Amino acid sequence: MAGGWRFIAVRALPEDVLDWEVPFALSTNPKRDLSGPGSMSGTIEPEYARLRGPDGLPIIEEWGTKLFLEIEGQLRWGGIVTKTSFDGPKASIQCEGFSSYAHGIPYESHMISGPLITPKDPYAGKDKNHDGYIDYSNPKKKVPPPPKPYGGTRFDAYVAFRNIWNHIQSRPYGNIGLKIDSHNLGELLGASDGSDPWELAWWNNPDCGQTLDQLARDIPFDWIETHTWVGGTNTIDSRIVLGKPRLGRKRNDLRFADGENISAIARPEGMGDEYANEIVLLGKGEGRKMARFQAHKYEAGRLRRVHTVTDKTLSSAAAMRARSLKELYGRTGVLQIPAIQIVDHPNARFGSWQLGDDIRVQVNVPWVGDVDMWHRIVSDEISADGTCTLTLKRSDSFIY
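Model, not experiment: these values are computed from the prediction.

J.: Is there a simple way to think about the packing of aromatic side chains in this case?
T.: The geometry of an aromatic ring pair is captured by two quantities: the separation of the ring centres and the angle between the planes. Per the counting criterion, the structure on display carries 10 aromatic pairs. Consider the rings of F161 and W223, whose centres lie 6.4 Å apart with planes at 50°: the pair is tilted. One end of the pair, F161, is in helix 2 (residues 157–170); the other, W223, is in strand 13 (residues 223–229), with 62 residues separating them in the sequence. Of the two residues examined, F161 and W223, each falls in the buried class. Here the aromatic cluster, defined as three or more aromatic residues joined through ring pairs, consists of Y158, F161, F221 and W223. It is R302 that lies over the ring of Y275; its NZ or CZ is 4.1 Å from the centre.

J.: Before we go on, may I ask you to explain the pattern of salt bridges in this structure?
T.: Should the charged atoms of two oppositely charged side chains come close, the side chains can pair. Taken as a whole, this structure holds 26 salt bridges when the rule is applied. Residue D131 is joined to K140 by a salt bridge in which the shortest nitrogen-to-oxygen separation is 3.9 Å. A relative accessible area of 33% places D131 in the partly exposed class. A relative accessible area of 57% means that K140 is categorised as exposed. What emerges from the salt-bridge pattern is a single network uniting R217, D218, D311, R323 and E327.

J.: Help me out: how do you make sense of the nonpolar core in this one?
T.: What tends to happen in soluble globular proteins is that the nonpolar side chains get buried as a cluster. In this structure, F256, I340 and L390 are the most contacted members of the largest nonpolar core, which totals 45 residues. Here this core takes 5 residues from strand 22 (residues 369–382), the largest share from any one element. Of all hydrophobic cores here, the second largest spans 33 residues; its members include A157, I164, W165 and I236.

J.: Would you mind going over helix 3 (residues 208–218) with me for this structure?
T.: Residues lying three or four places apart along an α-helix face the same way, a consequence of the helix completing one turn every 3.6 residues. Among the residues making up helix 3, those that are buried are C208, G209, T211, L212, L215, A216 and D218. Tucked into the core, helix 3 has its buried residues touching helix 2, strand 12 (198–201), strand 13 and helix 4 (317–329).

J.: Explanation requested: the packing of helix 2 against helix 3 in the structure shown.
T.: Pairs of packed helices are described in terms of their axes, by the angle between the two and the distance that separates them. Put simply, helix 2 and helix 3 touch, their axes get as near as 10 Å, and they point 165° apart. Relative to helix 3, helix 2 is oriented roughly antiparallel. Between helix 2 and helix 3 lies a crossing whose hand is left-handed. Contacts from A157, A160, F161, I164, W165 and I168 of helix 2 reach helix 3 at C208, T211, L212 and L215. For the contact of helix 2 with helix 3, the per-class residue count stands at 9 nonpolar, 1 polar and no charged.

The rules behind these values
Residues numbered from 1 in each chain as written. Predicted model: local features only at pLDDT ≥ 70, side-chain atom pairs only at ≥ 80, totals over all residues. Heavy atoms only, no water. Phe/Tyr/Trp six-rings, centres within 6.5 Å; stacked < 30°, edge-to-face > 60°. Helix = DSSP H or I, 4+ residues; strand = E, 2+ residues; numbered from the N terminus. Buried < 20%, exposed > 50% of the residue type's maximum accessible area, 1.4 Å probe, protein only. Lys NZ or Arg CZ within 6 Å of the ring centre and 35° of its normal. Salt bridge = Lys/Arg side-chain N within 4 Å of Asp/Glu carboxyl O. Core = buried A, V, L, I, M, F, W, Y, C linked by side-chain atoms within 4.5 Å. Contact = heavy atoms within 4.5 Å. Axes fitted to C-alpha atoms, helices over the stretch in contact; angles between N-to-C directions. Parallel < 35°, antiparallel > 145°, perpendicular 65-115°, else oblique. Left-handed = near helix turned anticlockwise from the far one by under 90°. Nonpolar A, V, L, I, M, F, W, Y, C, P; charged D, E, K, R; others polar.

Below is the structure:
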């Protein structure tokens, strides 16, 4: 293992350190994802896998062990062991980020933002002879029209995000130890007039992980999972950092260039069959009453290409527009560099960027020539051989 690297095993419940030096050999590099849990896999000797902690349980146990990677005193990755298997003399271990825990967990409560509220009519039933006047009124008084329905209380998208995580971690044996940022996004869910409430109800059997992903996709917003030591202790602070609405910034202070700190690039790619400059989004409803939204971004000299998306969870104009534009901007890119491999270099020291940053990539591409364009970091994988791989998407494919 590279100098300064160590893998630390912690019991999931409670969070007691089991081993400070797990003999974990990487099969796939630790990967962090923007708005995703990330993953890591590796192998250990079966003899170690059979070792037990002070609590009498196996040190490595599916859904019972947290595994962290520390490099030079800094926690660079954290997750939970989700799968183990034995193949010959070694045990294979699969780990997923903490936030993967939400997937497969049902939401067992009810919350609604922007409900349609119909006030009680104080004069209902007081005109039994249907003459338009209040019964027995003297002098006669006309029955006033019933009060109009209105939209109820709405809450912020991040309140919903936190409520779901609070629900997950409040269940028995469900506290995975994630803290969620406390600020608000500034985006209220549901329509103000009550015509399209946002609702999460146990009787629809919603999946918490899918709902969290859908919120981040449709609003949209960013989040990342982080793990840090609490100063002077052996306690780890694990949290989800929420963007407002996006994370990262344009990094004019960093440089990524051929012959300097870029050691390899993934084959540049266009959109091919995925290219579209017009999106047709079909939402909730059927027939003529189906919600529908179109967005386009035509370019001189290029033919019209249409991509149709169906999402029956969407109905509000704001949600339809956000989803359409996200699809559109993700499909109109001419060329992008999917990934670059870099070395630690004064241009951009390891750890100097964060997920979501926009970086300028300068490379020479066969058949294209010199490429100089801005890309956004959507994941990173650090390797024990002294390199790091950054997965990228064109900056102009995002909308916020």
